[in-house]
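Breakdown of the fold
The chain contents come next:
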Amino acid sequence: MQRAEPQAFERVLSSMCTVPHPAAREAAERFLATNPGDPGTYQTVADLEREAVDILGEVAGLDDPAGYITSGGTEANIQAVRIARNRAETDDPNVVVPESAHFSFRKAAEMLGVDIRQVPTTDHRADVDATADIIDDDTVGVVGVAGTTEYGHVDPIPALADLAEDAGAIMHVDAAFGGFFLPFSDFAWDFEDAAIDTMTIDPHKAGQAAVPAGGFLARSTDYLDELTIDTPYLESESQFTLTGTRSGAGVASAVAAMEALWPTGYRDQYHTSMDNAHWLADRLAERGYRVVGPELPLIAADVSLELVNQLRGRGWRVTKTGSGEMRIVCMPHVTRSMLRSFVADLDWY
Ligand code: 0PR
């Protein structure tokens, strides 16, 4: 039987995953058979996880960070909602999220019995006044997105954090996608800029680590205490992660990628990806399309579904936003020459 090979990345324009950095690939392979979920047995990878969290803290402006490497942004967002719920006293908790928030918050809500209240966006950003209106005595968390999945936009994080603080609620920032681009932008998004309690920031997206390596950060270990359960028969006595056995490959590759790239490599990538996104936005605008972005290296354009399907037929991996626009993410594997051949194919139809 023929050996299965993974897809090539040369026509992938919609994924938030990318080609891992060579050091990340090598580290992932070396640490395949390790489990940071059992730090008593797998000590080296547990130490590496501490390093990963420290570097994530540097990226996100947080001294002495608490947190861990998750299975992805979904787990990190679920944990944030769980903390918000567990530390609050109400029997009827709600978390306020912009309508642009990732669907993982809906999973969290369903599992945790928390009501998710969606706030409308204005120009693809959470509306602060609408957020203030919707917060009530049972609001246990407020979410801001720093780099939305569909449009790459950044919510007004400091203003949302002020609202959360006034309400006695947790402020969670979802920087799953944006976190490794934003340090080089002018946006106010990190722990130094605002009264943020917890954050999702994923090495397996723009961090260029191997999958699975999501990131969860908290301002102190007090937050993690809300998640802790006893683990009587392990050498370690408790666990705050959602999953038990976890990928040491993800942890080791996150450290390797971040050590190789923070900050210079990520800065260079931010500029290259933004230049590519601007270049594509200009080409699409010249052709009469209405383009949203780029705020981060992601654009949406009102290319027809028919044309998108034709491009998919030629092997291009492009997706649509909920409102039907074509969406393109300029991840590190997306080069200018890829975009040139994409535009040539667009012109062909
Ligand atoms: N938060 C934000 C802002 C996200 O964009 C995503 C995923 C998540 C949380 C959840 O992260 P995990 O998927 O790591 O749990 N955004 C992409 C999406 O749902 C994920 C993705 C990645 C999709 C690669 C496709 C793909 O090929 O569209």
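Criteria and thresholds
- Residues numbered from 1 in each chain as written.
- Predicted model: local features only at pLDDT ≥ 70, side-chain atom pairs only at ≥ 80, totals over all residues.
- Heavy atoms only, no water.
- Domains from an automatic or database assignment.
- Contact = heavy atoms within 4.5 Å.
- Buried area = accessible area lost by both parts, 1.4 Å probe.
- Salt bridge = Lys/Arg side-chain N within 4 Å of Asp/Glu carboxyl O.
- Polar contact = N/O pair within 3.5 Å; in protein donor to acceptor, adjacent residues only side chain to side chain.
- Helix = DSSP H or I, 4+ residues; strand = E, 2+ residues; numbered from the N terminus.
- Phe/Tyr/Trp six-rings, centres within 6.5 Å; stacked < 30°, edge-to-face > 60°.
- Buried < 20%, exposed > 50% of the residue type's maximum accessible area, 1.4 Å probe, protein only.
- Lys NZ or Arg CZ within 6 Å of the ring centre and 35° of its normal.
- Near = heavy atom within 4 Å.
- Areas by Shrake-Rupley, 256 points an atom, 1.4 Å probe, with all protein chains shown as cover.

**Some remarks on the domain arrangement of the protein chain**
- Its domain assignment divides the protein chain into domain 1 (22-261) and domain 2 (264-348).
- Computed from C-alpha atoms alone, the centre-to-centre distance between domain 1 and domain 2 is 28 Å.
- Residue-level contacts link 26 residues of domain 1 with 22 residues of domain 2.
- Taken over both partners, the interface formed by domain 1 and domain 2 buries close to 2000 Å², and the fraction arising from carbon and sulfur atoms is 66%.
- Contact with domain 2 buries surface across domain 1, with Y151, F181 and F184 losing the most and accounting together for 35% of the total.
- Here domain 1 and domain 2 share one salt bridge between them.
- At the junction of domain 1 and domain 2, the tally comes to nine residue pairs in polar contact (both at pLDDT 80 or more).

**Thoughts on the environment of I201**
- Its place among the elements puts I201 in the loop between β8 (198-200) and β9 (214-218).
- C-alpha separation for the pair I201 and F180, spaced 21 residues apart in sequence, amounts to 7.8 Å.
- In contact with I201, not counting residues within four places along its chain, are L56, V59, A175, A176, G179, F180, W189, G214, G215 and L217.

**So, the packing of aromatic side chains**
- Summed over all chains, the structure comprises eight aromatic pairs.
- With a centroid separation of 5.6 Å and 65° between ring planes, the pair formed by F177 and F181 is classed as edge-to-face.
- By relative accessible area, F181 is classed as buried at 1%.
- Taken together, a centroid distance of 6.2 Å and an interplanar angle of 40° make the contact between F184 and Y270 tilted. A residue pair is termed long-range when its members are at least 10 positions apart, and F184 in the loop between β7 (170-174) and β8 and Y270 in helix α9 (residues 264-286) qualify at 86 residues.
- Taken together through their ring pairs, the aromatic side chains of Y68, F216 and F240 make up a single cluster.
- The ring of W348 carries R314 above its face, with NZ or CZ at 4.4 Å from the centroid.

**With respect to the site of the ligand**
- In the vicinity of the ligand lie 16 residues, with S15, T74, T149, D174 and K205 positioned nearest.
- Within the contact set of the ligand, an oxygen atom lies 3.0 Å away from a side-chain nitrogen or oxygen of H204.
- One of the side-chain N or O atoms of K205 is found 2.9 Å from an oxygen atom in the ligand.
- Alone, the ligand offers 590 Å² of accessible surface; in the complex the protein occludes 75% of this.

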